[in-house]
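So you can see what is in the structure, the chains are spelled out below.
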Amino acid sequence: MGRGDGRNRLVSPDDADDTGADILHVDMDAFYAAVEVLDDPTLAGKPIIIGAPESRSVVSSASYEARAFGVRAAMPVGQALRLCPQAIVVPPHFDRYVALSREVMRVFHDITPLVEPLSIDEAFLDVRGVRRLWGSPGTIARMLRARVRDQTGLTCSVGAAATKHVAKMASTLSKPDGLLIVAEADTAAFLAPRSVRALWGVGPKAAEALESRGIHTVSDVLETPQAVLERALGAAMGERVWNLARGRDAREVSTTRVEKSVGHEETFHTDISDPAVLRSELRRLADRVAARLRAASWEAGAVAIKVRFADFSTVSRSRTLAEPSSVGQRLGEVALELFDAIDRRLPIRLVGVRAEKLRTFAESAPALWDDDGEWRRVESALDTAAARFGRGAITRATLISERGGGTLPSNPLLPSDDPR
């Protein structure tokens, strides 16, 4: 199966048994930070924080050197710098991350057509159908890691197992830059000592509910009647945990999956009470989300907003659209309606807009009429202008006027890579 190598990770030897380990989970190592090091080698080996330099902005990602000091994604940059004062704050370059992600995914598709992207930096691969072409799962995993390194200059960690759940657990344990293979027959032995917190879908509250009953490891789960698990977690979650602890995961690798959602957030330098400024920000964020949807040929079936107040309390609201859309005007209108319905008794620290229930253009049924047709043409022209002159060269007049000529500090937050 695997053994520790002195780097606080678990990896498999070259001759590890890979029988039945046909599902690979591939996870890029500290992806955002690694891309920055690739583009600026002087950053190699140094603690890096990816985020805006303002103390109120949030960490998008961090290098392993920074993580050793406790720096994590979604942590305020000010807090991260207190934990690691010597860290170098690097502004995110999301366009570059997307370009490298496409190269990585191309490597995956060169090996097997059965690729299920989970995010910008990870994916599941089913290699059962290409074993006669490339070899055993272990051989394929090693070849994939070498190709990613050779073609992109980046490293990845790979877990190989009989199920998606175990493969993902294995890749996490092998990080950074490792390979852990769990043969199908070794699944039970691999799972038994793991914390219940490592099980898919078990968050902090569910973990606390189990641990309060003396259930700390998968081995403890195996000794617990299913009825007890269902009382602690609810029927659906209890059944899922009972099955996962036994290595049962019927999920197949899905090649039609797209990102669950696309969003942008804004953390302000100072807390904001002015409704005009807040509404302007929501409009701007909706436009950015819509532009990303169009660039990826997606449409949103729902819109969600997030509002965080000065006391750090946070509310979220969402609404399903009558027709899927990638038009910023439409997404913005819904976001503003949701925002107007929120009781705002305190100044606001952060706002966010997210597109959910995504589908590709090809999946959307043609509408009998197009209420967004005029705005669709306008925003298509804006996309063309942005591609030629850069994002922000042309913007809504209302964004300029409502933001007082553009004086409001702006710290756009990018979707963070997984804080592993």
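Above this text you will find the structure in question.
The sections below set out a description of the structure shown in this document. These figures come from a predicted structure and were not determined experimentally.

Quick look at the overall build of the protein
In terms of regular secondary structure, the protein is built from 16 helices and 16 strands. Counting only residues that meet the buried cut, the protein has 48% of its 420 residues in that class. Long-range contacts, defined as pairs at least 24 residues apart, comprise 69% of the intrachain contacts of the protein with a sequence gap of at least 6. Carbon and sulfur atoms provide 52% of the accessible area of the protein, an area that totals close to 19,700 Å².

Here we look at the pairing of strand 12 (residues 298-309)
Judged by how many residues are buried, strand 12 sits mostly within the fold: 10 of 12 residues are covered. Sheet topology places strand 12 next to strand 15 (residues 359-360); 2 bridges connect them, and they run antiparallel. Bridge assignment links Glu-299 to a residue of strand 15, and that residue is Arg-359. Connecting strand 12 to the antiparallel partner strand 13 (residues 314-325) that follows it, the hairpin turn spans 4 residues, and Phe-312 within it adopts a positive phi of roughly 75 degrees. By the bridge criterion, 8 bridges tie strand 12 to strand 14 (residues 348-356) in an arrangement that is antiparallel. Paired with Val-307 across the strands is Val-351, a residue of strand 14.

Let's talk about helix 6 (residues 137-152)
Taking 1.5 Å as the rise per residue, helix 6 with 16 residues should run 22 Å; its terminal C-alpha atoms sit 22 Å apart, in good agreement. Looking at helix 6, one finds that the buried residues are Pro-137, Gly-138, Ile-140, Ala-141, Met-143, Leu-144, Val-148 and Thr-152. At the exit of helix 6 stands Gly-153, carrying a positive phi of roughly 80 degrees.

With respect to the sheet that holds strand 9 (residues 156-161)
Spatially, 5 strands are ordered 7-8-3-9-10 in an open sheet, and the strand pairing comes out mixed. Every interior strand has two partners, whereas the edge strands, strand 7 (115-119) and strand 10 (179-181), have only one. When the angles between neighbouring strand axes are averaged without regard to direction, this sheet yields 15 degrees. Across 4 bridges, the pairing between strand 7 and strand 8 (residues 122-126) is antiparallel. Residue pairing for strand 8: Glu-116 is matched across the bridge by Phe-124.

So, the packing of aromatic side chains
Geometrically, a pair of aromatic rings is defined through the distance of the ring centres and the angle of the planes. By the definition in use, this model includes 5 aromatic pairs. Between Tyr-32 and Tyr-97, the ring centres sit 4.1 Å apart and the planes meet at 15 degrees, which makes this aromatic pair stacked. In this pair, Tyr-32 is assigned in helix 1 (residues 31-39) and Tyr-97 in helix 4 (residues 94-111), connecting sequence segments 65 residues apart. Judged by relative accessible area, which is 0%, Tyr-32 ranks as buried. Between Arg-67 and the ring centre of Tyr-64, over which it is positioned, the NZ or CZ distance is 4.9 Å. The ring of Trp-134 is capped by Arg-147, whose NZ or CZ atom sits 4.8 Å from the centre of that ring.

Side note on the sheet that holds strand 4 (residues 48-50)
Taking strand neighbours across the sheet as the criterion, the 3 strands line up as 5-4-6 in an open arrangement whose pairing is mixed. If you trace the sheet from one side to the other, it starts and ends with strand 5 (61-62) and strand 6 (88-90), each paired once. Looking at chain direction, strand 4 and strand 6 are connected through 3 bridges and run parallel. Across the sheet, Ile-48 pairs through a bridge with Ile-88, a residue of strand 6. The strands touched by helix 1 are strand 4, strand 5 and strand 6; relative to strand 4, the strand with the most contacts, the crossing angle is about 115 degrees.

Describing the packing of helix 11 (residues 226-233) against helix 12 (residues 235-244)
For the pair helix 11 and helix 12, interaxial distance at closest approach is 7 Å and the crossing angle is 135 degrees. In terms of orientation, helix 11 lies oblique with respect to helix 12. When you trace helix 11 past helix 12, the crossing you get is right-handed. Of the residues in helix 12, those in contact with Gln-226, Leu-229, Glu-230 and Leu-233 of helix 11 are Ala-235, Met-237, Gly-238, Glu-239, Val-241 and Trp-242. Considering only residue class, the contact of helix 11 with helix 12 consists of 6 nonpolar, 2 polar and 2 charged.

Describing the pattern of salt bridges
When the charged atoms of two side chains with opposite charge come close together, those side chains can pair. For the coordinates displayed, the defined rule picks out 20 salt bridges. Across the salt bridge formed by Arg-128 and Glu-252, the nearest N and O atoms sit 3.0 Å from each other. With Arg-128 in the loop between strand 8 and helix 5 (131-134) and Glu-252 in the loop between helix 12 and strand 11 (261-272), this residue pair connects regions lying 124 residues apart in the sequence. In this structure, the salt-bridge partner of Glu-265 is Lys-306, at a minimum N-O distance of 2.6 Å. Residue Glu-265 is found in strand 11, and its partner Lys-306 is found in strand 12; the two are separated by 41 residues along the sequence. Each member of the salt-bridge network shares a partner with another, and the members are Asp-27, Asp-29 and Lys-175.

Quick word on the nonpolar core
Buried together is how nonpolar side chains tend to be arranged in soluble globular proteins. Within the largest apolar cluster, 39 residues are counted, with the highest numbers of intra-cluster contacts made by Leu-24, Phe-31, Phe-108, Leu-125 and Leu-144. For this core, the secondary structure elements donating two or more residues are strand 3 (23-28), helix 1, strand 4, helix 4, strand 8, helix 6, strand 9 and strand 10. Residue contributions to this core peak at 8 residues, all from helix 4. Core analysis: the next-biggest nonpolar cluster, separate from the first, contains 31 residues, Ile-23, Val-182, Ala-232 and Ala-245 among them.

Looking at unusual backbone geometry
A cis geometry characterises the amide bond from Lys-175 onward to Pro-176, with omega recorded as 0 degrees. Relative to the assigned elements, Pro-176 resides in the loop between helix 7 (164-174) and strand 10. A positive phi angle is found at Ala-30, which is not glycine, with a value near 40 degrees. In this structure, Ala-30 sits in the loop between strand 3 and helix 1. Despite not being glycine, Phe-312 has its phi angle at roughly 75 degrees, a positive value. Mapped onto the elements, Phe-312 comes out in the loop between strand 12 and strand 13. Residue class for Phe-312 comes out partly exposed when judged on its relative accessible area of 49%.

Each value, and the rule that gives it
Residues numbered from 1 in each chain as written. Predicted model: local features only at pLDDT ≥ 70, side-chain atom pairs only at ≥ 80, totals over all residues. Heavy atoms only, no water. Helix = DSSP H or I, 4+ residues; strand = E, 2+ residues; numbered from the N terminus. Buried < 20%, exposed > 50% of the residue type's maximum accessible area, 1.4 Å probe, protein only. Contact = heavy atoms within 4.5 Å. Areas by Shrake-Rupley, 256 points an atom, 1.4 Å probe, with all protein chains shown as cover. Pairing = 2+ DSSP bridges. Expected span 1.5 Å × (residues − 1). Axes fitted to C-alpha atoms, helices over the stretch in contact; angles between N-to-C directions. Phe/Tyr/Trp six-rings, centres within 6.5 Å; stacked < 30°, edge-to-face > 60°. Lys NZ or Arg CZ within 6 Å of the ring centre and 35° of its normal. Parallel < 35°, antiparallel > 145°, perpendicular 65-115°, else oblique. Left-handed = near helix turned anticlockwise from the far one by under 90°. Nonpolar A, V, L, I, M, F, W, Y, C, P; charged D, E, K, R; others polar. Salt bridge = Lys/Arg side-chain N within 4 Å of Asp/Glu carboxyl O. Core = buried A, V, L, I, M, F, W, Y, C linked by side-chain atoms within 4.5 Å.

Geometry only, nothing functional implied.
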